[in-house]
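# Inside the fold
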Amino acid sequence: MAATVSDSEITKSDKYSILLPTYNERENLPIIIWLIVKFLDSSGYDYEVIIIDDGSPDGTLDIAKQLQKIYGSGKIVLRPRDKKLGLGTAYIHGIKHATGNFIIIMDADLSHHPKFIPKFIELQREHDYDVVSGTRYKDGGGVHGWDFKRKLISRGANFVTQMLLRPGASDLTGSFRLYKKDVLQKLIDSCVSKGYVFQMEMIIRARQLDYTIGEVPITFVDRVYGESKLGGSEIIQFAKALLYLFATT
Amino acid sequence: MTKLLEWISVLSAFFAVWYSLVGGYVKHPMIEKNMMLILVSPIIFVILFGLYAVTVILYRVFTFNNCEEAAKELQEEIKEARRDLLDKGLKW
């Protein structure tokens, strides 16, 4: 008798690899891991967290090792690197070691709350999206801890970007997203920029390659510990990337 | 076609129409009567668009959700996580 595989069994085999690139996050890492475990264990999805620490001098890796002992090496996977390399290469490094068929990318600084991950997964399953992006700019989303100037820059930059690039996603610089693994690999391969504008290019390339994008409103609580940065050099980087993508995609 | 080319083609189409009116290539009494308006119409358009952009951006800045609830909830969760992790033997 031929075995028939039901839909529920197919989705049951889905696994989500959460990539957490860290650099000096010893205060935040235990809490983000605790929250991930809390919200994903209760949702019942199969997952692993891959911590990619870039040789943090504050001992983030020691904390990560302790967390691995507490939660088990099936759930917490450590893939450290010797020194600080780019974000893009951190993702490539993470994907190589990921055993899931979906990849979730988020910041470890507590600005991205793991409670949204089950929502990303549900939306992805409902529509079979290639990418699900968290958005601060849609109803239900938002940002805590930003002053008028920061909001103005953010909204202004977003307005110009939407007008020039029409990306089909409302939050381009956010980095809380879920990708199908092969899609993420292709997007990384096609991206040229580095630094935080890399996130913007990923979404633009996704549009260019005709991938489908879903969005989940997220609340973004700006760095509880440590300082958040937005200086002149970030703005120039952003403007350059915007013009580059405007002229080439 | 890149976004840049899309913009260039749309803008040149508008420019062609405007230039044919201003340069007198299309003749009609209505055009002559409103020549001044036609002449400055690109500037008017840019000003109106600027006003639209400023209004929309400011509206979005002032209605940007501050997520007070989410921030409070996170603070509570941080306390809970610290207690639980200390119980589990984490040396911070």
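Reading guide: rules and limits
Along each chain, the written sequence defines residue order, and numbers are assigned to residues from 1. Following the order in which they are written, the chains are lettered starting with A and the ligands numbered starting with 1. Totals for whole chains, interfaces and linings use every residue, but because this is a predicted model, local features are given only for residues with pLDDT of at least 70 and side-chain atom pairs only at 80 or more, for both listing and counting. To obtain the side-chain values, all non-hydrogen atoms of the structure were used and water was disregarded. UniProt positions are given in the numbering used here, feature names are shortened, and annotations may be inferred rather than shown by experiment. Numbering of helices and strands runs from the N terminus, with a helix taken as a DSSP run of H or I at least four residues long and a strand as a DSSP run of E at least two residues long. Within these notes, the globule rule equals 2.2 Å times the number of residues to the 0.38 power, and the radius of gyration is based on C-alpha atoms. Note on exposure labels: buried denotes an accessible area under 20% of the residue type's maximum, exposed denotes more than 50%, and partly exposed covers the range between, all computed with a 1.4 Å probe on protein chains only. Values of accessible area rely on a 1.4 Å probe in the Shrake-Rupley scheme; residue burial ignores everything except the protein chains shown. Counting rule applied: Lys, Arg positive; Asp, Glu negative; His and chain ends not counted. By convention, the point assigned to a charge is CZ for Arg, NZ for Lys, CD for Glu and CG for Asp. Any two residues whose heavy atoms approach within 4.5 Å are treated as being in contact. The term buried area refers to how much accessible surface (probe radius 1.4 Å) is lost by two components on association, counted for both of them together. A carboxyl oxygen of Asp or Glu within 4 Å of a side-chain nitrogen of Lys or Arg is what we treat as a salt bridge. Only Asp, Glu, Lys and Arg are considered charged in this grouping, and only Ala, Val, Leu, Ile, Met, Phe, Trp, Tyr, Cys and Pro are considered nonpolar; every other residue, Gly among them, is considered polar.

Per an unreviewed UniProt entry, chain B carries the name Dolichol-phosphate mannosyltransferase subunit 3 and comes from Helicoverpa armigera. Turning to chain B, the UniProt record has this under Sequence similarities (unreviewed entry): "Belongs to the DPM3 family." One UniProt comment on chain B, placed under Subunit (unreviewed entry), says "Component of the dolichol-phosphate mannose (DPM) synthase complex."

An unreviewed UniProt entry lists chain A under the name Dolichol-phosphate mannosyltransferase subunit 1, from Helicoverpa armigera. What UniProt states about chain A under its Subunit (unreviewed entry) heading is, verbatim, "Component of the dolichol-phosphate mannose (DPM) synthase complex." UniProt, in the comment section headed Function (unreviewed entry), describes chain A in these words: "Transfers mannose from GDP-mannose to dolichol monophosphate to form dolichol phosphate mannose (Dol-P-Man) which is the mannosyl donor in pathways leading to N-glycosylation, glycosyl phosphatidylinositol membrane anchoring, and O-mannosylation of proteins."

Looking only at helices and strands, chain B features 4 helices and 0 strands. Secondary structure elements of chain B, listed N to C terminal, follow the sequence α-α-α-α. Computed over its C-alpha atoms, the radius of gyration of chain B comes to 29 Å, more than 25% above the 12 Å expected for a compact globule of 92 residues. Taking the principal axes of the C-alpha coordinates as reference, chain B spans close to 85 × 30 × 15 Å. Burial status across chain B gives 21% buried among its 92 residues. By element, 71% of the accessible surface of chain B is carried by carbon and sulfur atoms, the whole surface being about 6900 Å². Between the centroid of the 10 positive side chains of chain B and the centroid of its 10 negative side chains there is a distance of 7 Å.

Here we take up the interface of chain B and chain A. Taken residue by residue, the interface counts 37 residues in chain B and 45 residues in chain A. With both sides pooled, the region where chain B packs onto chain A buries about 3600 Å², and carbon together with sulfur makes up 68% of that total. Of all residues in chain B, Lys3, Phe64 and Trp92 of chain B bury the most surface against chain A, accounting for 20% of the area lost on that side. Our enumeration of links across chain B and chain A arrives at 3 salt bridges. Residue assignment for the side of chain B that touches chain A shows that the elements contributing at least two residues are helix H1 (3-22), helix H3 (35-62) and helix H4 (68-87) of chain B. The element contributing the most residues to the side of chain B that touches chain A is H4 of chain B, with 13 residues. By residue class, the composition of the side of chain B that touches chain A is 21 nonpolar, 5 polar and 11 charged.

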